[in-house]
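Analysis of the macromolecular model
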Amino acid sequence: MASAAAVAGLRTSAGHACSGSRRAFVTRARPIPSLNRTSLVAQQSFRRAFADAAEPPKKKRFPFLRWARRLTYVYVVGGAVFLAYQIYDLRHPSDQQEPGPDKKTLVVLGSGWGAVSLLKKLDTENYNVVVISPRNFFLFTPLLPSCTTGTIEHRSIMEPLRNILRHKKAAVKFYEAEATKIDHEKKVVHISDDSDIKGDISQTEVPYDMLVVAVGATNATFGIPGVREHSCFLKEVGDAQAIRKKIMDCVETATFKDQSPEEIERLLHMVVVGGGPTGVEFAGELQDFFEEDLKKWIPEITDKFHVTLVEALPNVRNTCWIPEVLGRIADNCFKVLPMFSKTLIDYTEKVFNDEKITVRTKTMVKKVTDKTIEAEVTRPDGSKSLEIMPYGLLVWATGNAIRPVVRDLMSRIPAQKNSRRGLAVNEYLVVDGTENIWALGDCSSTKYAPTAQVASQEGAFLARLFNSMAKTQILEEELNRLSELKVAASDQEEYTRLEAQVQARGKQLGRVKQMGAFEYTHQGSLAYIGSDRAVADISWLNGNFATGGGLTYLFWRSAYLSMCFSTRNRILVVVDWLKAKIFGRDVSRE
């Protein structure tokens, strides 16, 4: 028993000894518990430094990718915040000032490029502004050809006019009416309510102190019989919707049971008259619609659908008035897109040939019936012959004509008797023979082309002019008041102070009055030609930069997006493009 206990005690003491030795070893391996926190931090720093010295530092590969990723995050977040603010601002207009009875009444006729550009930049608190137009929206016309095939919905390129007017500092009155007569002697505009629902008063007069005529132009038929009765035009939303329905009517009728081959060929022959940007873009959009959608869902028309672009000898005087482009048009008078460089014209015709779009130049339409076009064709040897072309759809995309209200005003002003294209204006866009009427856009006659780009710059110029006129009046009134106070000054110190203010206001007034005449800056031309390709003739420094192809198509899209008048339109257009790319265009009739 004693020996067993001794052995057990020996084992226990040995175990304690071994345990103690292990604890001693562990204690030596670990940091000494009695060390303070500063010593621990120093020891850890020493170990980290020793480890860093033992292993060489690893070089980080592609550091610019990390910075690019961070910048992308910043741009995405910043863009989202800015977009949210834009949407909030659009949906929550602030309170407006009420018109003052002591201010002049400025009446604006129209809601197109010129009128809307004027309204966006005009300080409405300086005038009692009244807008009169038969449509209560602004239409982004460059993308109108895309609406005919369903690439873009028509409401995506319509900006409600009240959205624009409601965001002005001072309230603006709007009347949805047609201006029927302008009496420049009595300073009144006669308007008529042409809506389907009329109230007790459908005709009235609107007095004005200042008048801006920006009613645009109507479609020119050049007196050709049958054009107005049987053609589709492409100026308004209703035109695009009518073309859309007629395209599908022609396709569905061509597939009707027991239809003759000749009738099928006629129905599926789409003719576009006009080789300008509108005609070319519509022809390209229509061919895209067929290639990407129609022949997938209606394969029986694959070998029968055909697009023809007809262009007659253009009248150089009525095509473009830009000096740097005029000579180019004279050289390209038998081509499509005559305002573009010859390289881009040749490229466009090559693309059309690849897309199987027939281009008929030197072909002048003489008569239109419900099923055929009679055209005079000039052959290479100079001889002429009459040709009959059957068609299913005819789109007339050429020429402008004067609206009745403008023609009536021109007949009342003796200084306008020699004007043929619209209201003749001076360098400040004042209508010749008047003092308080301005005209801009397609209804005016200037040395520039009747394009959206010209009308937009004219509207911005008029806004600056009207703002300057209002500021001039305010400065003159303040200058007269200070001059009176200076004369009645009681001491030399007050007189000196008022004299300094008079001189400062005089210099400011001089700067305001230095506004020059209107000068148009041509920034280039763009056109979509189909197959995700476009052409661009851009003014760059003192020359032109001409390009065409797929990258130009991306530039065409980005340029048109930037030109849209609101964030709402930009978002809707982008969504429509994505829908058309993912799901294809809708082939239903409506």
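Since we're looking at a predicted model, the values are computed, not measured.

Side note on the nonpolar core
Leu109, Val213, Leu462 and Phe466 are the most contacted members of the largest nonpolar core, which has 125 residues in total. One finds Phe233, Val310, Ile373 and Leu394 within the second-largest nonpolar core, a separate group that totals 14 residues.

Quick look at the UniProt feature "transmembrane region" (unreviewed entry) in the chain
The UniProt entry lists residues 67-88 under the feature "transmembrane region" (unreviewed entry), expressed in the numbering used here. Structurally, residues 67-88 comprises 100% helix and 0% strand, and the distance from its first C-alpha atom to its last is 31 Å.

Description of the side chain of His269
By the element assignment, His269 lies in strand 12 (residues 269-273). At a separation of 2.7 Å, a polar atom in the side chain of His269 contacts the side chain of Thr308. When sequence neighbours within four positions are dropped, the list of residues in contact with His269 reads His306, Thr308, Pro390, Tyr391, Gly392 and Leu393.

Observations concerning the sheet that holds strand 15 (residues 363-368)
Strand order in the open sheet formed by three strands is 15-16-17, and the pairing between neighbours is antiparallel. Looking at which strands have only one partner, the edges of the open sheet turn out to be strand 15 and strand 17 (384-390). Pairwise comparison of adjacent strand axes, ignoring direction, gives a mean angle of 30° for this sheet. Bridge analysis of strand 16 (residues 372-378) against strand 17 gives seven bridges, and the strand direction is antiparallel. Residue pairing across strands places Thr372 opposite Pro390, the latter belonging to strand 17.

Points about the side chain of Thr567
Here Thr567 is to be found in helix 17 (residues 567-583). Owing to a relative accessible area of 17%, Thr567 belongs among the buried residues under this scheme. Residue contacts for Thr567: discarding those within four places in its chain leaves Leu83 and Gln86.

Cut-offs and rules
- Residues numbered from 1 in each chain as written.
- Predicted model: local features only at pLDDT ≥ 70, side-chain atom pairs only at ≥ 80, totals over all residues.
- Heavy atoms only, no water.
- Core = buried A, V, L, I, M, F, W, Y, C linked by side-chain atoms within 4.5 Å.
- Buried < 20%, exposed > 50% of the residue type's maximum accessible area, 1.4 Å probe, protein only.
- UniProt positions renumbered as here; feature names shortened; annotations may be inferred.
- Helix = DSSP H or I, 4+ residues; strand = E, 2+ residues; numbered from the N terminus.
- Polar contact = N/O pair within 3.5 Å; in protein donor to acceptor, adjacent residues only side chain to side chain.
- Contact = heavy atoms within 4.5 Å.
- Pairing = 2+ DSSP bridges.
- Axes fitted to C-alpha atoms, helices over the stretch in contact; angles between N-to-C directions.

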